[in-house]
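Working through the structure, step by step
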Amino acid sequence: MRVSVQRERVRFDSGGAHCAAWHYPGRGPGRNGACVVMAGGFAVPKEPGTDRFARRFQEAGFDVLAFDFRGLGESGPGERADGDTGCPVLTPRGQVADWRAALAYARTLPGVNPARLALWSFSATGGQLLEVAAVEPGVAAVVAQSPGFGGRAASMNAARYQQPWAMARVMARGLADEVGSWFGRPPRPVRLAGRRGEVVVLTTPDGGVRPSPLDPDGRYPAWHQEVAARSALRLVTYSPGRHAGRVRCPVLFVVCDGDRSAPPGEAIKAAARTPRAEVVHLPGGHYAPFQDAHEQAVEAELAFLRRHVGAAVSPARP
């Protein structure tokens, strides 16, 4: 009798470095040939960022490729300098290139139909999927969960929940880190989340909590929950929502009505500019799809994926 593979470690090349990934082969007679390519939110590795959803998609018959961006998690170095401490340095351009490399690799997976590839992510990386889908016409569907769209609106929202002097210190650290990168200096880390007045990226009521809702029981100790300050600074000028009108595939916007980290209004505006948008509203804050609204999120996302990239069996219940 053949033993079913839960998931297997794989890797692919992107920009001369390797990206580490998990491949979850679709399970059971409902395996449908579709593949969901997944990555975590901003500076979130694949395990805390995708595990809970990847397993449910797999149980429903979908293959899954969940990967780490270059320089993050188990992936090889991306934009790093000699003497780097391991702090991830992420750039929108590099991440888009990694998404494209992941799609190219997914097309080669055994049993996967190259015409039935979907993208999934959340938070700032969820918003980034609009740019990826705009430049990759082969994408068949997108799930953008609690998506953030950066730019001025995101900066103003973050400022509402932070002390001005602390925000100024984050910006100053980011500028110093950016200048230091020109001379090959190691990145200056900044923590992803914390309380108001701390020098961190996010202090919103639902995003700046500790322990992280993505790792409430400390299951992922290798995730240091920090990023290079220059990477946080780049979010200020990055606006992937401007690509919405160029996306031709169906896009599911999973909007949390109480989201304080990625306010739902920006997602709804982006959906209005996306030709084939669908919007699902969930109760709760930014991480509700990982918490109390998890079942609602999974059901909505699977229904969308079945319609647009293939029929599948019902997911097994935990």
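Structural data are supplied above this passage.
Notes on the structure follow. (Residues numbered from 1 in each chain as written. Predicted model: local features only at pLDDT ≥ 70, side-chain atom pairs only at ≥ 80, totals over all residues. Heavy atoms only, no water.)

The subject of this paragraph is the overall build of the protein chain. In terms of regular secondary structure, the protein chain is built from eight helices and eleven strands. In terms of C-alpha radius of gyration, the protein chain reaches 19 Å, essentially the compact-globule figure of 20 Å for 318 residues. Its C-alpha atoms give the protein chain principal-axis dimensions of roughly 60 × 40 × 40 Å. The buried share among the 318 residues of the protein chain stands at 57%. Partitioning the contacts of the protein chain with sequence separation of at least 6, the portion at a separation of at least 24 is 75%. On the protein chain, roughly 13,400 Å² of surface is accessible, and the fraction owed to carbon and sulfur atoms is 54%. (Helix = DSSP H or I, 4+ residues; strand = E, 2+ residues; numbered from the N terminus. Rg over C-alpha atoms; globule rule 2.2 N^0.38 Å. Buried < 20%, exposed > 50% of the residue type's maximum accessible area, 1.4 Å probe, protein only. Contact = heavy atoms within 4.5 Å. Areas by Shrake-Rupley, 256 points an atom, 1.4 Å probe, with all protein chains shown as cover.)

Relative to strand 11 (residues 277–282), strand 10 (residues 251–256) runs parallel, the two sharing six bridges. Within strand 11, the position partnered with Val254 by the bridge is Val280. (Pairing = 2+ DSSP bridges.)

This paragraph deals with the packing of helix 1 (residues 46–59) against helix 8 (residues 294–309). It is the contact of helix 1 with helix 8, at a shortest axis distance of 11 Å, that shows an interaxial angle of 45°. For the element pair helix 1 / helix 8, the angle class is oblique. In this structure, helix 1 meets helix 8 at a crossing whose hand is right-handed. Of the residues in helix 8, those in contact with Arg52, Phe53, Arg56 and Phe57 of helix 1 are His294, Glu295, Ala297, Val298, Glu301, Leu302 and Leu305. (Axes fitted to C-alpha atoms, helices over the stretch in contact; angles between N-to-C directions. Parallel < 35°, antiparallel > 145°, perpendicular 65-115°, else oblique. Left-handed = near helix turned anticlockwise from the far one by under 90°.)

What follows covers the sheet that holds strand 7 (residues 189–193). If you walk across this open sheet you meet the three strands as 8-7-9, and the pairing is mixed. The sheet is open, and its two borders are formed by strand 8 (200–202) and strand 9 (226–228), each paired with just one other strand. The average angle at which neighbouring strand axes cross in this sheet is 40°, direction not considered. Of the strand pairs in this sheet, strand 7 and strand 8 are connected by two bridges, and their pairing is parallel. The residue of strand 8 that forms the bridge with Arg191 is Val200.

With that settled, the discussion passes to the side chain of Gln95. In this structure, Gln95 sits in helix 2 (residues 92–106). Judged by relative accessible area, which is 8%, Gln95 ranks as buried. A distance of 3.4 Å separates a polar atom in the side chain of Gln95 from a polar atom in the side chain of Gln128. Dropping the residues within four chain positions of it, Gln95 is found in contact with Phe69, Leu90 and Gln128. (Polar contact = N/O pair within 3.5 Å; in protein donor to acceptor, adjacent residues only side chain to side chain.)

On to a nonpolar patch on the surface, then. Side chains of Val179, Trp182 and Phe183 sit close together on the surface and give an oily, nonpolar patch of about 370 Å² of accessible area. Looking at the element boundaries, Val179 is found in helix 5 (residues 164–182). (Patch = residues over 30% accessible without salt bridge, like charges linked within 9 Å, V, L, I, M, F, W, Y side chains within 5 Å. Salt bridge = Lys/Arg side-chain N within 4 Å of Asp/Glu carboxyl O.)

The subject of this paragraph is the sheet that holds strand 3 (residues 35–38). In space, the eight strands of this open sheet follow the order 1-2-4-3-5-6-10-11, with mixed pairing throughout. Since the sheet does not close on itself, it has two edges, and those belong to strand 1 (8–14) and strand 11, each with one partner. Ignoring strand direction, the axes of neighbouring strands in this sheet form an average angle of 20°. Strands in contact with helix 2 are strand 1, strand 2 (17–24), strand 3, strand 4 (63–67) and strand 5 (117–122); relative to strand 1, the strand with the most contacts, it is inclined by about 125°.

A few words now on the pattern of salt bridges. In the structure shown here, the tally under the stated rule is 19 salt bridges. Salt-bridge contacts for Asp98 lead to Arg70; the nearest nitrogen and oxygen are separated by 2.6 Å. Taken as a pair, Asp98 in helix 2 and Arg70 in the loop between strand 4 and helix 2 lie far apart in primary sequence, 28 residues in all. Considered together, Asp98 and Arg70 belong to a single accessibility category, that of buried residues. For Arg195, the salt bridge is made with Glu198, and the minimal N-O distance between the two is 3.1 Å.

A few words now on helix 2. Relative to the 21 Å expected for 15 residues at 1.5 Å per residue, helix 2 spans 21 Å between its end C-alpha atoms, a close match to the ideal helical length. Every buried residue of helix 2 is accounted for by Pro92, Gly94, Gln95, Val96, Asp98, Trp99, Ala101, Ala102, Leu103 and Ala106. (Expected span 1.5 Å × (residues − 1).)

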